[in-house]
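# Working through the structure, step by step
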Amino acid sequence: MHGRTRHFIAILTTALLATSGPAVATDVDALEREARLAAIQLMQQIGGELKREMSISGSLRSVVVCKYTAPEVSSTVSKRFGAQVRRVSLKVRNPALGTPDPWEQRQLLDFDRRAADGADPAALEASELIHEPAGWYYRYMKAIPVAQVCLNCHGADEQLTAATTAQLAAEYPHDEATGYQIGEIRGAVSYKIRVAGE
């Protein structure tokens, strides 16, 4: 987390605790560690499923893993951490699951800007305490860089097999998630947990 963001959270937390409202969790470092662990677990489990299925059935299975297995993994990790843990992107494949909310969209745009300025996509993350109608939430995002395995169904059109292209057209008729190169930002893991009510 950037020092500027950490400083903002510290000021915000102090201000909240000074009011008559409910206390907000003050251990931001602990929240960040938990969020980072959830993001790592999510990506490791999805990556493991991709590699396993591809070793059995080839690259065509990657589309199936991302459509059916990844949401199940996200649900399992969310329950494990008591938080909402999901993948989002500016170029969505499944709008129902991967469309970013306004806060997530701002972070994704910032990740792209920072990567264009030379930052390592694998090291990009952001976090913040956010007040919403239901209360205070801790939010965290970690960028997902495009790896070699991602290119099987997210690469340039000429890199995709005819079978993969046909399956993508059938499964995701409005797909926006191709044309990537290794090292670009595919999206991010988003973590959101409620830390206090009104």
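Preceding this paragraph is the structure being described.
Residues numbered from 1 in each chain as written. Predicted model: local features only at pLDDT ≥ 70, side-chain atom pairs only at ≥ 80, totals over all residues. Heavy atoms only, no water.

## Some thoughts on the nonpolar core
With 26 residues, the main nonpolar core has Leu-42, Val-77, Val-85, Tyr-138, Tyr-191, Ile-193 and Val-195 as its most contacted residues. Every element with two or more residues in this core is listed here: α2 (28–57), α3 (61–81), β3 (135–145) and β4 (185–196). When near neighbours in sequence (up to four residues on either side) are disregarded, Tyr-138 contacts Val-28, Leu-31, Glu-32, Ala-35, Ser-127, Glu-128, Leu-129, Tyr-191, Lys-192, Ile-193 and Val-195. By size, the runner-up hydrophobic cluster in this structure holds eleven residues, among which are Trp-103, Leu-124, Ala-126 and Ile-130. (Core = buried A, V, L, I, M, F, W, Y, C linked by side-chain atoms within 4.5 Å. Buried < 20%, exposed > 50% of the residue type's maximum accessible area, 1.4 Å probe, protein only. Helix = DSSP H or I, 4+ residues; strand = E, 2+ residues; numbered from the N terminus. Contact = heavy atoms within 4.5 Å.)

## Overview of the sheet that holds strand β1 (residues 84–88)
Here we have four strands laid out as an open sheet, ordered β1-β4-β3-β2, and antiparallel in their pairing. The open sheet is flanked by β1 and β2 (125–132), the only strands paired with a single partner. For this sheet, the mean angle separating the axes of adjacent strands, direction not counted, is 20 degrees. Taken together, the eight bridges between β2 and β3 define a ladder with antiparallel strand orientation. By the bridge assignment for β3, Ile-130 is matched with Tyr-137. (Pairing = 2+ DSSP bridges. Axes fitted to C-alpha atoms, helices over the stretch in contact; angles between N-to-C directions.)

## Digging into the pairing of β2
Residues in a regular strand point their side chains to alternate faces of the sheet. Most of β2 sits inside the fold, with six of its eight residues counted as buried. Where β2 hands over to β3, the hairpin turn is made up of two residues, counted between the paired strands.

## Re helix α5 (residues 102–116)
Over its 15 residues, α5 runs 21 Å from end to end, which matches the ideal 21 Å to within 8%, given 1.5 Å per residue. Along its buried surface, α5 packs onto β1, β2, β3 and β4. Backbone nitrogen of Trp-103 and a side-chain oxygen of the N-cap are separated by 3.1 Å at the start of α5; the cap is Asp-101. Positive phi appears at Gly-118, one or two residues downstream of α5, with a value of about 110 degrees. (Expected span 1.5 Å × (residues − 1). Polar contact = N/O pair within 3.5 Å; in protein donor to acceptor, adjacent residues only side chain to side chain.)

## Thoughts on the pattern of salt bridges
Inspection of the entire model under this criterion finds 14 salt bridges. Residue Arg-36 pairs with Glu-32 through a salt bridge whose shortest N-O separation is 3.1 Å. One end of the pair, Arg-36, and the other, Glu-32, are both in helix α2, four residues apart, so they sit about a helical turn from each other. A relative accessible area of 25% places Arg-36 in the partly exposed class. Between Glu-132 and Arg-139 there is a salt bridge, and its shortest N-O distance comes to 3.9 Å. You can call Arg-139 buried: its relative accessible area is 2%. Here the residues in one salt-bridge network are Arg-86, Asp-101, Glu-104, Glu-132, Arg-139 and Lys-192, joined through shared partners. (Salt bridge = Lys/Arg side-chain N within 4 Å of Asp/Glu carboxyl O.)

## Topic: the side chain of Glu-104
Considering the arrangement of structural elements, one finds Glu-104 in helix α5. A relative accessible area of 0% means that Glu-104 is categorised as buried. Sequence-distant contacts of Glu-104, that is, excluding residues within four places in its chain, are made with Arg-86, Val-88, Thr-99, Arg-139, Met-141 and Ser-190.

## Topic: the state of the cysteines
Taken as a whole and assessed by the stated rule, the structure comprises zero disulfides. Unpaired in this structure, Cys-150 has its nearest cysteine sulfur neighbour in Cys-153, at a distance of 7.7 Å. Summary of cysteine pairing: Cys-153 is not part of a disulfide, and the nearest cysteine sulfur, belonging to Cys-66, is at 4.8 Å. Taking relative accessible area as the criterion, Cys-153 reaches 3% and is therefore assigned buried. (Disulfide = S-S within 2.5 Å.)

## Quick notes on the packing of α3 against helix α7 (residues 162–171)
Relative orientation of the contacting elements α3 and α7 amounts to 25 degrees, with a least axis distance of 10 Å. Taken together, the axes of α3 and α7 are roughly parallel relative to one another. Facing Val-63, Val-64, Lys-67 and Tyr-68 of α3, the residues of α7 in contact are Thr-164, Gln-167, Leu-168 and Glu-171. Along the lines of polarity and charge, the residues of the contact of α3 with α7 split into four nonpolar, two polar and two charged. (Parallel < 35°, antiparallel > 145°, perpendicular 65-115°, else oblique. Nonpolar A, V, L, I, M, F, W, Y, C, P; charged D, E, K, R; others polar.)

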